[in-house]
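Listed below are the residues making up each chain.
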Amino acid sequence: MTPLPEDPSSPVGEDDRETAVRRLQEAYGEGHISHEEMDELLDRVLTAKTRGELGTALASLPPEKPGTTSTIAVLSGRIQRRGAWRVPRTLKVESAFGRVHLDLSRAVIEHPVVDIEVRLGTGRAKITVPRDAVVDIEELRTVWKDSLYKPRRHSGPGGPRIRITGTMGFGRLKIRHARR
């Protein structure tokens, strides 16, 4: 969420509201708030008219961890992450022309929920997730071809939840679970 201005009576923007909802979901997923508190705070966030009301609704949440969002962006070329790399809470991947390969199978994932926001023009993208991960692609929008993903029949408990959102232009996203 962008910092609150000196005037808390300024209207709430949609980006601020979406960020506030994401913070609530994260706090709930990490066990900082109960189901009842989540419902109450979600109602307050969705009906807030001013940034002051939004800030008041989020005041009881723990502060956001620094460095929980990273952006990888290229105009053309290849984006590739594999091996033992540290996955941030929110990863934004932007490429106008090129290929993307994110391998999370051996990555260090410290968060129960990881959001990957994809903004791709043309080119292919491949994301390999851990074997026990739960993948959500409902918020991913594709222009040309549908994403290729076949959910695992038996995901073990305790795996991370990977939410993939964003837009794909003229390319295809392939998501697969690691074999080991």
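Quick caveat: nothing in here was measured; it's all calculated off a predicted structure. (Residues numbered from 1 in each chain as written. Predicted model: local features only at pLDDT ≥ 70, side-chain atom pairs only at ≥ 80, totals over all residues. Heavy atoms only, no water.)

Give a detailed account of the pattern of salt bridges, specifying residues and quantitative values.
Scanning the model with the defined rule gives 5 salt bridges in all. For the salt bridge of Asp 115 with Arg 89, the shortest nitrogen-to-oxygen distance reads 2.8 Å. Pair noted here: Asp 115 is in strand E5 (residues 113–122) and Arg 89 is in the loop between strand E2 (86–87) and strand E3 (90–103), with a separation of 26 residues, a long-range link. By the burial criterion, Asp 115 is buried, and Arg 89 matches it. The salt bridge involving Arg 119 is made with Glu 117; its shortest N-O contact spans 3.0 Å. Residue Glu 117 is classed as buried on the basis of its relative accessible area, which comes to 17%. (Salt bridge = Lys/Arg side-chain N within 4 Å of Asp/Glu carboxyl O. Helix = DSSP H or I, 4+ residues; strand = E, 2+ residues; numbered from the N terminus. Buried < 20%, exposed > 50% of the residue type's maximum accessible area, 1.4 Å probe, protein only.)

Report on the environment of Val 143, specifying residues and quantitative values.
Counting through the fold element by element, Val 143 comes out in the loop between strand E8 (140–142) and strand E9 (148–149). Here Val 143 falls in the exposed class, since its relative accessible area comes to 59%. Between the alpha carbons of Val 143 and Gly 121 there is a distance of 9.6 Å; along the sequence they are 22 residues apart. Aside from chain neighbours lying at most four places away, what touches Val 143 is Met 168, Gly 169 and Phe 170. (Contact = heavy atoms within 4.5 Å.)

Summarise helix H3 (residues 51–58); cite the residues concerned and give the values.
Residues three or four positions apart in an α-helix share a direction because the helix packs 3.6 residues into each turn. Extensive coverage of H3 is indicated by the burial of 6 of its 8 residues. Every buried residue of H3 is listed here: Arg 51, Gly 52, Leu 54, Gly 55, Ala 57 and Leu 58.

Help me get a handle on the pairing of E5, residues and values and all.
Judged by how many residues are buried, E5 sits mostly within the fold: 7 of 10 residues are covered. Taken together, the 7 bridges between E3 and E5 define a ladder with parallel strand orientation. When the bridges of E5 are listed, Leu 91 appears paired with Ile 116. Where E5 and strand E10 (residues 161–170) come together, 9 bridges link them in parallel fashion. Residue Val 113 lies in a different strand from E10, and its bridge partner there is Arg 161. (Pairing = 2+ DSSP bridges.)

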